[in-house]
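Fold and geometry: a report
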Amino acid sequence: MKVRRRPGVPPREPGPPYGSVRLTDVLPDRWTALAGAGTGFAPGPAPAGRPGLRGSAMQKFSLVAIGRLQMNRAADSSGGHAADTVVGGHERVLRQTVIALMRGAKMKDFENPGEGSFHVLEGRIRVSARGTSWDVLAGDLLELPDSRQSVVALEDSVLLFTVAKTG
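Scope of this entry: the structure provided in the associated data block. (Residues numbered from 1 in each chain as written. Predicted model: local features only at pLDDT ≥ 70, side-chain atom pairs only at ≥ 80, totals over all residues. Heavy atoms only, no water.)

**Quick notes on the side chain of T162**
Position of T162 among the secondary structure elements: in strand β11 (residues 157–165). Polar side-chain contacts of T162 include one of 3.0 Å to the side chain of Q96. In contact with T162, not counting residues within four places along its chain, are L94, R95, Q96, E115, G116 and S117. (Helix = DSSP H or I, 4+ residues; strand = E, 2+ residues; numbered from the N terminus. Polar contact = N/O pair within 3.5 Å; in protein donor to acceptor, adjacent residues only side chain to side chain. Contact = heavy atoms within 4.5 Å.)

Pasting the structure below:
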């Protein structure tokens, strides 16, 4: 398959296993890099004249870039996983978190705090709940049951965990 490129956009150079990302090219400029390569990112102050997350009607994120950063952090972590909330938080109803899991890594069992889903962006995971397991592949969206569940990465994986807290 031939890849068509936009005029004036040079081809990507090969990089580390999960790609090389220049944060200034792919993330909103309210995000700043932490010290050290592959350590992820953290919210920074909004530039002058531009609203932050709360005052803005819309924010755009590169889930691919965030996933790569989290995968690099997961590779460096003792538990083989890393996560960052990109939308919402504990004080909001909607929360979306990008989670990276190295092959064999397990998330701590958890209760679904409301309505939720896993959208696998890369890799393959197994979600188990109520004695049933689902293998969820890249591109799949799994609506989570209202019960205790566990997650294990069958291969290096990046997923978007979305939850809307109820009650």
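**Topic: the packing of aromatic side chains**
If you walk through the whole model with that rule in mind, you get three aromatic pairs. Ring geometry for F110 and F161: centres 5.8 Å apart, planes at 65 degrees, overall edge-to-face. Residue F110 is found in strand β5 (residues 106–111), and its partner F161 is found in strand β11; the two are separated by 51 residues along the sequence. Taken individually, F110 and F161 each receive the classification buried, so the pair is uniform in this respect. A centroid spacing of 5.1 Å and a plane angle of 40 degrees characterise the contact between F118 and F161, whose relative ring orientation is tilted. Of the two residues, F118 is situated in strand β6 (residues 114–122) and F161 in strand β11; the sequence distance between them amounts to 43 residues. Taking relative accessible area as the criterion, F118 reaches 0% and is therefore assigned buried. Residue F161 is classed as buried on the basis of its relative accessible area, which comes to 10%. Put simply, the rings of F110, F118 and F161 touch in pairs and so form one group of aromatic residues. (Phe/Tyr/Trp six-rings, centres within 6.5 Å; stacked < 30°, edge-to-face > 60°. Buried < 20%, exposed > 50% of the residue type's maximum accessible area, 1.4 Å probe, protein only.)

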